[in-house]
Amino acid sequence: MMNAFAARFSVALLVPTTFLTVGLTAAAVRAQNELYNPIPIPERNQVSDTLTDQDIPTGEGGFARDYTIELSAGDQVAIDLISDSFDTIVTLLASDGSTIAENDDGPDGTTNSLLFSRITESGTYIIRVRAFGETGGGPFTLKVTRLRPI
């Protein structure tokens, strides 16, 4: 009789515990998706936006904002990041988070960034806009140009 009671009691605890675990996991996944939501680059491949302290903390005292773009194998892209408010850094990341390329200061001697990259695999890529160190943020323009062979 004691074994039958123990079996029923453990089943009575197992079902609610399972539902609670599944419910908490689903809530955590929803919360995680809401926390990180990169912005798709519009079809005109240009964005005018503002980097603020509400963006992604970099762990170095600054903040970053991520954008997604679909690129194809063989694409050659120029990514131009311009701001009069902060020292820019632009990073191109693969969908797995690995860094494809990064640029701090462009060739024109300013603190704007200009990155060139050749894409080897088709997929969704992330373009990360951030300020150098703890220099803050402000308005910026991000432009992606697909280069054509001459």
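Here the structure is a predicted model, which means the values were calculated and not measured.

A. Quick look at the overall build of the protein chain. Looking only at helices and strands, one finds one helix and ten strands in the protein chain. Written out in order from the N terminus, the α and β elements of the protein chain read α-β-β-β-β-β-β-β-β-β-β. As displayed, the protein chain has an accessible area near 9700 Å², and 57% of this comes from carbon and sulfur atoms.

B. Inspection of the sheet that holds strand 5 (residues 76–82) at higher detail. Here we have four strands laid out as an open sheet, ordered 2-10-5-8, and antiparallel in their pairing. Taken across any chain shown, the strands that pair with only one partner, and hence form the sheet edges, are strand 2 (46–51) and strand 8 (113–118). On average, each strand axis in the sheet is tilted by 20 degrees relative to the strand beside it, whichever way the strands run. Relative to strand 10 (residues 138–147), strand 5 runs antiparallel, the two being bridged by seven bridges. What sits directly across from Ile82, in strand 10, is Thr141.

C. Quick peek at the packing of aromatic side chains. Tallying each qualifying case throughout the model produces two aromatic pairs. The interplanar angle of 75 degrees and the centroid separation of 6.4 Å between the aromatic rings of Tyr67 and Phe140 together place this pair among those described as edge-to-face. Taken as a pair, Tyr67 in strand 4 (residues 63–71) and Phe140 in strand 10 lie far apart in primary sequence, 73 residues in all. Aromatic side chains Phe86 and Phe140 sit 6.3 Å apart centroid to centroid with 80 degrees between the ring planes, which places their arrangement in the edge-to-face category. Here Phe86, found in the loop between strand 5 and strand 6 (88–93), pairs with Phe140, found in strand 10; they are 54 residues apart in sequence, far enough to count as distant. Each member of the pair, Phe86 as well as Phe140, carries the same accessibility label: buried. Aromatic ring contacts, followed pair by pair, group Tyr67, Phe86 and Phe140 into a single cluster.

D. Layout of the nonpolar core. Counting 23 residues, the largest nonpolar core has Ile79, Ile127, Phe140 and Leu142 as its most contacted members. Ranked by the residues each element gives to this core, the list is headed by strand 9 (residues 123–131), at four residues. Beyond its immediate chain neighbours, meaning those up to four positions away, Leu142 contacts Ile41, Asn45, Gln46, Val47, Tyr67, Ile79, Asp80, Leu81, Val90, Ile127 and Val129.

E. Representation of the side chain of Asp66 in the model. Note that Asp66 resides in strand 4. Using a relative accessible area of 3% as the deciding quantity, one classes Asp66 as buried. Of note is the side chain of Asp66, whose polar atom sits 2.7 Å from the side chain of Arg128. The contact partners of Asp66, leaving out residues within four places of it in the chain, are Tyr36, Pro38, Ile39, Ile56, Ile126, Ile127 and Arg128.

Rules used in this analysis
- Residues numbered from 1 in each chain as written.
- Predicted model: local features only at pLDDT ≥ 70, side-chain atom pairs only at ≥ 80, totals over all residues.
- Heavy atoms only, no water.
- Helix = DSSP H or I, 4+ residues; strand = E, 2+ residues; numbered from the N terminus.
- Areas by Shrake-Rupley, 256 points an atom, 1.4 Å probe, with all protein chains shown as cover.
- Pairing = 2+ DSSP bridges.
- Axes fitted to C-alpha atoms, helices over the stretch in contact; angles between N-to-C directions.
- Phe/Tyr/Trp six-rings, centres within 6.5 Å; stacked < 30°, edge-to-face > 60°.
- Buried < 20%, exposed > 50% of the residue type's maximum accessible area, 1.4 Å probe, protein only.
- Core = buried A, V, L, I, M, F, W, Y, C linked by side-chain atoms within 4.5 Å.
- Contact = heavy atoms within 4.5 Å.
- Polar contact = N/O pair within 3.5 Å; in protein donor to acceptor, adjacent residues only side chain to side chain.

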